[in-house]
Amino acid sequence: MRVRGTGVAPRASLGPRDLRRWTRRVLAGLGAVLLGLGLATAPALAAETGLKGVVKDPASEVGIAGVTINVAADGFTGSATTDAEGAWFVAVPSAGKYEVAIDTTTLPAGLGLADPTKAVLNVNVLSEGRVQAVLFSLAAGGGGGDAGADSEVTTPADEGSSLWSQVPQLTVDGLIFGIVIALAAVGLSLVFGTTKLTNFAHGELIALGGLSTYFFNVVVGLPLILSIVIAFLFSAVVGGWLQNRILWKPLRKRGTGLIAALVVSIGLGLFLRYLFLFLFGGQSRTFNEYAGQPGIEIGPVLITPKDLIASTVGILLIAGTIWWLLRTKDGKATRAVADNPALASASGIDVEKVISTVWVLGAALASFSGIMIGLQVGVNWQMGFGILLLVFAGSVLGGLGTAFGAILGSLIVGLLIQLSTLFVPTELKYVGALLILILILLVRPQGILGKSERVG
Amino acid sequence: MDWLSIFQNSFTQMVGVAAVVYCLAALGLNIQFGYAGLLNFGQAGFAAIGAYAVAVLVVTAGWPLWLAILMGVVGAIIFGLLLGVPTLRLRADYLAIVTIAAAEIVRQVARSVTLNDYLGGSDGITGKYAADWYALNPFDGFEWFIFRFSKNDLWVVINGWILVAIVALITWLLMRSPWGRVLKGIREDEDAVRSLGKNVYLYKMQALILGGVIGALAGVIFAMAAQSVQPDNYSTTLTFYVYVIVILGGAARVFGPIVGAMIFWFLLVFISEVLNNAVRGGFISSDILSTDQIGQVRFMLVGLGLMLLMIFRPQGIFGDKKELALDER
């Protein structure tokens, strides 16, 4: 057999017994870590199942320590006390409905609930591995205020003033999420541009970045920064170069059709996802360092330093890619191949070399996307597939096959997802983005920057 | 190793409820992917619409079953139109992206808390789906050599395979009609068919909707057999399984999906049963493979199987490689 198709697998991994040992170590730290994640600026991806929130003074926006939160459901009770930042977390055994109550007697003097009838909220934890945010709105004067208080879950925002005050925060969150999507979309789009492969296994490159960082950081025990660098290079070589070398290049040589290749990528994605699950288990894990970092306030926006640094690096990577495409000889060759492979080949460009470069670049960028997600909410086996459709949405919006379009489209998708939470329930925010993907295809199938061409 | 129970489970599942459901979904996909060359990755969405139509209308609203099934079919037609209008004029991979996204939209809406009162959130809807229909069952379980069915399963399986036979017959008749020839022509060379004055767009739309309706019927059977719907049963995994079945049996062959579904479920159950027994019996150390990881190995094998089939034998068991010129789109 010429094709083995396990190109991306971190084969040098260890047996399940070792894994179980780290699992225990990681899980021990996880509870504490999640407390700090109270107000993560990240999109809510999966983590340990539970409920979380931050109790803040409405006037100064400073967290209040020592407030007791009780959680109850059939056959389960749990409670938590807010930490110095006002954050609390209660792990729950399974998805389902929980009654979350705030003990108003533990609130500081002069503060009470904005709506005293909302001391007990009914919250639905949607699925296993999900941390549901719960918000208690406080008001000065010990209740009786007329500001609406509600759980973030059931009504996203129902009042004009609070609606618009969320805009700066959501814009920043959206831009960061857009960068995460864009990093993955560039590779997807470039691979599509040069080989016409619609790669449904691209999400696994994102997961490879996040999971291999976790591996080097937590399992091997290297410092996080070093782990990120190694994982970045590892993903580029194994996920990009090797994958192309042992799977896609032989398939191109064989003359495998585009549709067949698409189905192969789906099979590869399915295989790798469950291989990741097999090796890493089902839990969501966080890196050893910087996991529970408190946010810093910049103007009206709360952002954690790690997010700030990671998105800066992300922007630099994207800018570097743009510079590479526009200014270097290899970059120009890449654009030439994407434009017209036959003509590029005839004019002396080594098309296979360009494709190999594109795979390495795409895998490296996608891995950083996974690293950013890992820094924000932790890594898990299906983190890549979870955002793959959004990556597609970004690429198609910008114009499939164009790197610049992919970046622009992804930023718009990221912004749109976060800002849409002003109007739609948070749990349905991806639905809005996917609907827009369909609408765009209706009006402008070639995307914002794509060339109009007759297709079909 | 308890070989009797291994074979009993494997052969029972070969023609069991899951095989019926996936066979129907695959028959629908075969019309889209096999005959018309449409990359529908949203078959799970069509199935979910059929299943939820029965769940909501029968259990919650108390409608008669036949009317609910009819509404499921209507829902699938509307869903097909929604998917087809923006994408059927575009390159094939756009249809793939949009259909997979649309199926995810259906699932996420179905499990949303916002619509919890209507669709039951992530728990779905459990209840009396088809009490009258089950009451018609004259049989009392079934056990013969390696086949073993409970009373209700037997009724579902008998009716299900009859439905499969009807759908297969319709497919066979359709595909030897002028309509079917045009459809296959579109798959081979769309421009040639267009230059003959055929409305390619319309034919593709009809194929997408017809396949989708059959997919919705698969969802109906699924819901009636399980007496419940859960949104996560209709994830993209269902669609991927159905693709494996169609390609395994041979796309663009009437019996392809039927044989594919039987072989697929036999292998799936057989492999996990053997692994299960081997781990329990100590033949495989539980350090290498624990019993809860067997499901993961199963998925890995499905993914690997899909890749290898597509690379080395894209025509599957029955298919004709020459007929399947899947390259040009």
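Above this note sits the structure.
Since the model is a prediction, treat every value here as computed from it, not as a measurement. (Residues numbered from 1 in each chain as written. Chains lettered and ligands numbered in written order. Predicted model: local features only at pLDDT ≥ 70, side-chain atom pairs only at ≥ 80, totals over all residues.)

Chemist: How should I be thinking about the interface of chain A and chain B in this particular structure?
Modeler: How big an interface is tends to be stated in terms of the accessible area lost upon association of its parts. Taken together, the contact pairs 46 residues of chain A with 47 residues of chain B. If you list the elements that add at least two residues to the side of chain A that touches chain B, you get helix 1 (16-36), helix 6 (258-280), helix 11 (383-398) and helix 13 (429-443) of chain A. The biggest single contributor to the side of chain A that touches chain B is helix 6 of chain A, with 15 residues. Of the residues in the side of chain A that touches chain B, the class split is 35 nonpolar, nine polar and two charged. (Contact = placed C-beta atoms within 7 Å. Helix = DSSP H or I, 4+ residues; strand = E, 2+ residues; numbered from the N terminus. Nonpolar A, V, L, I, M, F, W, Y, C, P; charged D, E, K, R; others polar.)

Chemist: Any chance you could explain the sheet that holds strand 4 (residues 87-91) of chain A here in plain terms?
Modeler: Adjacent strands of a sheet form backbone hydrogen bonds with each other and so pair up, either parallel or antiparallel. Residues and elements named next belong to chain A. Taken in spatial order, the three strands line up as 4-1-8 in an open sheet, and their pairing is mixed. In this open sheet, the two strands that pair with only one neighbour each are strand 4 and strand 8 (131-133). Across the sheet, the mean angle from the axis of one strand to that of its neighbour is 20°, orientation sign disregarded. Pairing of strand 1 (residues 50-54) with strand 8 involves three bridges; the strand directions are parallel. Residue pairing across strands places Lys52 opposite Ala133, the latter belonging to strand 8. (Pairing = 2+ DSSP bridges. Axes fitted to C-alpha atoms, helices over the stretch in contact; angles between N-to-C directions.)

Chemist: Even after reading the chapter, I still don't get helix 10 (residues 351-377) of chain A, so can you show me in this structure?
Modeler: Note on helix geometry: an α-helix contains 3.6 residues per turn, so any two residues three or four positions apart are oriented the same way. Between the first and last C-alpha of helix 10 of chain A there are 39 Å, a value that for 27 residues agrees with the 39 Å anticipated at 1.5 Å per step. Looking one or two residues past helix 10 of chain A, Gly378(A) carries a phi angle of roughly 100°, positive in sign. (Expected span 1.5 Å × (residues − 1).)

Chemist: Help me understand the nonpolar core, please; the structure alone is not making it clear to me.
Modeler: It is characteristic of soluble globular proteins that their nonpolar side chains tend to be buried jointly. In terms of nonpolar packing, the biggest core is built from 220 residues, with Leu183(A), Leu24(B), Ala47(B), Ala51(B), Val54(B) and Ile221(B) touching the most fellow members. Aside from chain neighbours lying at most four places away, what touches Ala47(B) is Ala25(B), Gly215(B), Ala216(B), Ala218(B), Gly219(B), Phe222(B), Tyr234(B) and Leu238(B). One finds Val67(A), Ile69(A), Phe89(A) and Leu111(A) within the second-largest nonpolar core, a separate group that totals 24 residues. (Core = buried A, V, L, I, M, F, W, Y, C linked by C-beta atoms within 7 Å. Buried ≥ 20, exposed ≤ 12 C-beta atoms within 10 Å, placed from the backbone.)

Chemist: Any chance you could explain the packing of helix 3 (residues 43-60) of chain B against helix 12 (residues 236-249) of chain B here in plain terms?
Modeler: If you want to describe how two helices pack, look at the angle between their axes and the distance between the axes. Residue and element names in this part refer to chain B. At their nearest, the axes of helix 3 and helix 12 sit 7 Å apart, and the two run at 115° to each other. Note that helix 3 runs across helix 12; the crossing there is right-handed. Between helix 3 and helix 12, the contacting residues are Gln43, Ala44 and Ala47 on the first element and Thr236, Leu238, Thr239 and Val242 on the second. When its residues are assigned to classes, the contact of helix 3 with helix 12 shows four nonpolar, three polar and no charged. (Left-handed = near helix turned anticlockwise from the far one by under 90°.)

Chemist: What am I meant to see in helix 13 of chain A here?
Modeler: The end-to-end C-alpha distance of helix 13 of chain A, which contains 15 residues, comes to 22 Å, matching closely the 21 Å that a straight helix rising 1.5 Å per residue would cover. Of all the residues in helix 13 of chain A, the buried ones are Lys429(A), Tyr430(A), Val431(A), Ala433(A), Leu434(A), Leu437(A), Ile438(A), Ile440(A) and Leu441(A).

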